[in-house]
Amino acid sequence: MNRLLVLACALLAACAPKPPAEPAPSVLIVTIDTLRADRVGTYGDDKARTPAMDGLAKAGVVFERAFTPVPITLPAHVSLMTGLLPPAHGVRGNGSFVLGSGPATLAEVMKKSGRQTAAFIGGFPLSRRFGLSRGFDVYDDSVTKADGVNYDFAERRADVVVERALAWLVANPGPSFVWVHLFDPHAPYDPPEAFRTGDPYRDEIASADASLGRLISAWDARAGKSLVVVTSDHGEAFGEHGEWSHSLFVYDTTLHVPLIVRGKGFEPGRKSQVSVSLVDVAATLAEFTGSTGLMPGVSLTSALKPGAVGRPLYAETLSPRLDFGWSELRSWRADGFKWIRAPKPELFSLADDRGEETNLVSTDPKRGRVLDGALSTALTTMGEKSAAQTADPETVERLRSLGYVQGTGGKGSGADPKDNVELAKRIAQAAGPFKDWDEAIVAYRSLVKLDPENPLLNLRLADALLRSGQVEASLPHFARVIRSGSNTADPYVGQGTALAQLNRLKEARAVLESGLKVAPASGQLHFNLGEIARIEGRQSDAIREFEAATADPATKERAKARLATLR
């Protein structure tokens, strides 16, 4: 009888309805562009107006020593989303680099695990054309077009981005991976009227934080467990080491970023002093969502274990070389010291010199050699990939509106950027607008005298000379840019145009054909070759070149018009 009773109970238990499975945890990651860690309240800024970030900090873990591997928007975000350092993923700058299909992205991993994926982007440097949309069901990077211009604005405000995200959250209540990018603290600073106090950088941070607060409130109203990460791609310099903005140097002014994580495994109110990198975020999110091992890197949870010490961290900027033809910079942080590889190398003790003011390279040469050797070993392990492509004119113009120089990628003097910091500032100020081409010529001639091999300055001077009608005078400057090893079509287009105007068509054709080896997708090179063929009466060659030019949006309509005439 007892055995029958036990059997009956077992059957009843087996037939009882099982409790519903808990939904898979969701993930929200918010990147606030160009946000210095020391401009956030929880990081010690008593002038900050950042209640949303400070509230998250109390509810989660603050990583006080978090660093970006590169102080440039696109490559930093690629590292964040792939868990790879720039030499490994190949995206080394804005505009002329595109993430290829090789490295897995967080969005792809999250999508394969059954989550809805959506991104809401505030700035043009992260436009879908640069490859980060892979794996997202929705990649909302649309911006409005202004009257009288032929390209979209380069950014949109945080409140607009968050509104789009909120609408998506309402319509998609299930397990999700959501990335929201707020661009506001990036130059040019133009805070909304309600946030203006006369400190435009902090005002824009306050505006972004207010929108973040709305987003977090809506996120927390959703069902299920979740993880929230708030961080930045890089900081901003305001005269430290002579730098303004970012990308020229690899000092902590622009490498140190806020990183706040709230969710299971991250003890509320805790602050970690262990050095961590943005590349650690990918492995952290994979671990939280049960996808451990699918993303490279080390989870941030390892930094929270008793006795944890920070591992060596790498950082770079290739911007001085790509933009100005100067020397690139690479750094290696280990054992409380930081080594910067440069023509004039630097060594800093981070424990007692947070501002990186005292260079120890001459007083501790052995340590410098050890750190430089470790850097070389790390680079050998990572490889040295480059996902460079030619930036189209619209991309260059939109990035220039955000303060990016967008150089030619050619080799110039190889000078140490520290020796040219004032020149970099003058170059940034020489973007125009000029009242006429003669004024531009005067400006760029004076700068070329200061740095004769600078490919960017020679290109701008050559362009101004050509446009002002001084065609012959433009030729040596275009030629200098081409000899520098420029990876853009611009100097070839300019040199070819100048030679054609001088009726030196054979030479022009040779220059343009050389340009196609560097930038085979350039519609302008094909278009100009088509024009030369048309003038010379080679109709089939002209048709072939104009057809090739239709593949480039920048020349599509003009090429179609030429084809209609020829046919």
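Quick look at the structure, then. Keep in mind that what you see is a predicted model, and the values were worked out from it rather than measured. (Residues numbered from 1 in each chain as written. Predicted model: local features only at pLDDT ≥ 70, side-chain atom pairs only at ≥ 80, totals over all residues. Heavy atoms only, no water.)

A word on the overall build of the protein. The helix and strand inventory of the protein stands at 21 helices and 17 strands. Relative to its 567 residues, the protein shows a buried fraction of 55%. Summed over its atoms, the accessible surface of the protein is roughly 24300 Å², and 55% of this surface lies on carbon and sulfur atoms. (Helix = DSSP H or I, 4+ residues; strand = E, 2+ residues; numbered from the N terminus. Buried < 20%, exposed > 50% of the residue type's maximum accessible area, 1.4 Å probe, protein only. Areas by Shrake-Rupley, 256 points an atom, 1.4 Å probe, with all protein chains shown as cover.)

If you look at the biggest cluster of nonpolar residues, it comprises 47 residues, and the most contacted ones within it are Phe63, Leu132, Phe177, Trp179, Leu259 and Leu285. For this core, the elements supplying multiple residues, two or more each, are strand S1 (26-32), strand S2 (61-63), helix H3 (73-82), helix H5 (106-112), strand S6 (176-182), strand S7 (226-231), strand S11 (259-262) and helix H9 (280-288). For Trp179, the residues in contact, after removing those within four places along its chain, are Ile29, Thr31, His77, Met81, Ala118, Ala119, Phe120, Ile121, Leu126, Leu132, Phe136 and Tyr139. Formed by 34 residues, the second largest nonpolar core is a distinct cluster that contains Ala158, Leu166, Trp219 and Ile260. (Core = buried A, V, L, I, M, F, W, Y, C linked by side-chain atoms within 4.5 Å. Contact = heavy atoms within 4.5 Å.)

Cis rather than trans, the peptide bond between Ala187 and Pro188 has omega equal to 0 degrees. Relative to the helices and strands, Pro188 is located in the loop between S6 and helix H7 (200-220). Backbone geometry at His241 places phi at a positive 60 degrees, although glycine is not the residue there. When its relative accessible area of 25% is taken as the criterion, His241 is described as partly exposed. With a phi angle near 65 degrees, Asn503 is a residue other than glycine that sits in the positive phi range. If you trace the backbone, Asn503 turns up in the loop between helix H17 (490-501) and helix H18 (505-518). Residue class for Asn503 comes out exposed when judged on its relative accessible area of 61%.

It is worth spelling out the sheet that holds strand S15 (residues 329-334) at this point. Within the open sheet, the 4 strands sit side by side as S14-S15-S16-S17. Their pairing is antiparallel. Edge positions in the sheet fall to strand S14 (313-317) and strand S17 (346-349), since each has one partner strand and no second. Taken pair by pair, the neighbouring strands of this sheet meet at an average axis angle of 15 degrees, ignoring direction. As judged from the 4 bridges shared by strand S16 (residues 337-341) and S17, these two strands associate in the antiparallel manner. Among the inter-strand pairings, Lys338 is bridged to a residue of S17, identified as Phe348. Docked against the sheet, helix H11 (residues 365-382) engages S14, S15, S16 and S17, running at close to 70 degrees with respect to S16. (Pairing = 2+ DSSP bridges. Axes fitted to C-alpha atoms, helices over the stretch in contact; angles between N-to-C directions.)

To continue, consider helix H14 (residues 437-450). Taking 1.5 Å per residue, 14 residues should reach 20 Å; H14 reaches 20 Å between its end C-alpha atoms and fits that length. The set of residues buried in H14 consists of Ala440, Ile441, Ala443, Tyr444, Leu447 and Val448. Put simply, Asp436 is the residue that caps the front of H14, since its side-chain oxygen is 3.2 Å from the backbone nitrogen of Asp438. (Expected span 1.5 Å × (residues − 1). Polar contact = N/O pair within 3.5 Å; in protein donor to acceptor, adjacent residues only side chain to side chain.)

What follows deals with the pairing of S17. Both faces of S17 are covered, namely the face carrying Glu346 and Phe348 and the face carrying Leu347 and Ser349. Taking the residues that link successive antiparallel strands as the turn, the S16-S17 hairpin has 4 residues.

With that settled, consider the sheet that holds strand S10 (residues 256-257). Spatially, the 3 strands line up as an open sheet ordered S10-S3-S13, and their pairing is mixed. The open sheet terminates on both sides in strands that have one partner only, identified here as S10 and strand S13 (276-277). Pairing analysis gives 2 bridges linking strand S3 (residues 66-67) to S13, with the strands arranged parallel. In the sheet register, Phe67 faces S13, and the bridge partner there is Ser277.

So, on to the side chain of Ser127. Looking at where Ser127 falls in the secondary structure, it is placed in the loop between strand S4 (116-120) and strand S5 (138-140). What makes Ser127 buried here is its relative accessible area of 10%. Apart from residues no more than four positions distant in its own chain, Ser127 is found in contact with Tyr139 and Asp141.

Once that is clear, we can look at the packing of helix H2 (residues 51-59) against H7. Two numbers describe how H2 lies on H7: the axes approach to 7 Å, and their chain directions differ by 55 degrees. In terms of axis orientation, H2 runs oblique to H7. Between H2 and H7, the contacting residues are Pro51, Ala52, Met53 and Leu56 on the first element and Ile205, Asp209, Leu212, Gly213 and Ile216 on the second. When its residues are assigned to classes, the contact of H2 with H7 shows 7 nonpolar, 1 polar and 1 charged. (Parallel < 35°, antiparallel > 145°, perpendicular 65-115°, else oblique. Nonpolar A, V, L, I, M, F, W, Y, C, P; charged D, E, K, R; others polar.)

This part takes up empty space enclosed by the protein. Evaluation of the coordinates by the stated rule reveals 1 cavity of 30 Å³ or more. Approximately 40 Å³ is the volume attributed to the largest cavity. Looking at the largest cavity, the residues that line it are Phe67, Thr68, Leu255, Ser277, Leu313, Tyr314, Ala315, Ser331 and Arg333. Taken together, the elements giving at least two residues each to the lining of the largest cavity come down to S14 and S15. Considering every element that reaches the lining of the largest cavity, the biggest residue donor is S14, with 3 residues. Here the lining of the largest cavity is composed, by residue class, of 5 nonpolar, 3 polar and 1 charged. (1 Å grid on protein atoms, 1.4 Å probe; cavity = no way out; pocket = protein on both sides within 12 Å on 5 of 7 lines; lining within 4 Å. Points joined across faces, edges and corners; volume = space filled by probe spheres on them.)

The subject of this paragraph is the pattern of salt bridges. Between side chains of opposite charge, a pair can form as their charged atoms come close. One pass over the full model with this rule turns up 42 salt bridges. Measuring nitrogen to oxygen at the nearest pair gives 2.6 Å for the salt bridge that ties Arg196 to Asp190. In this structure Arg196 comes out as partly exposed when scored by relative accessible area, which is 42%. Across the pair Glu536 and Arg509 runs a salt bridge whose closest N-O atoms are separated by 3.0 Å. (Salt bridge = Lys/Arg side-chain N within 4 Å of Asp/Glu carboxyl O.)

The terminal C-alpha atoms of helix H16 (residues 471-483), which comprises 13 residues, lie 19 Å apart, in line with the 18 Å expected from a rise of 1.5 Å per residue. Every buried residue of H16 is accounted for by Val471, Ser474, Leu475, His477, Phe478, Ala479 and Val481. Close packing links the buried residues of H16 with helix H15 (455-467) and H17. In the stretch just after H16, Gly485 is the one whose phi turns positive, near 90 degrees.

Moving on, we get to the environment of Asp137. Tracing the backbone shows Asp137 in the loop between S4 and S5. Here Asp137 falls in the partly exposed class, since its relative accessible area comes to 42%. The spacing of Asp137 and Ala107 is 30 residues in sequence and 8.9 Å in space, taken between C-alpha atoms. Discounting chain neighbours no more than four positions away, the residues touching Asp137 are Lys111, Arg115, Gln116 and Thr117. Engagement of the side chain of Asp137 in a polar contact is seen with the side chain of Lys111, the distance being 2.3 Å.

This next bit is on the environment of Gly355. The residue Gly355 is located in the loop between S17 and H11 in this model. Classification of Gly355 as partly exposed rests on a relative accessible area of 36%. With 115 residues separating them in the primary sequence, Gly355 and Glu240 have C-alpha atoms 8.6 Å apart.

These figures come from the coordinates and say nothing about function on their own.
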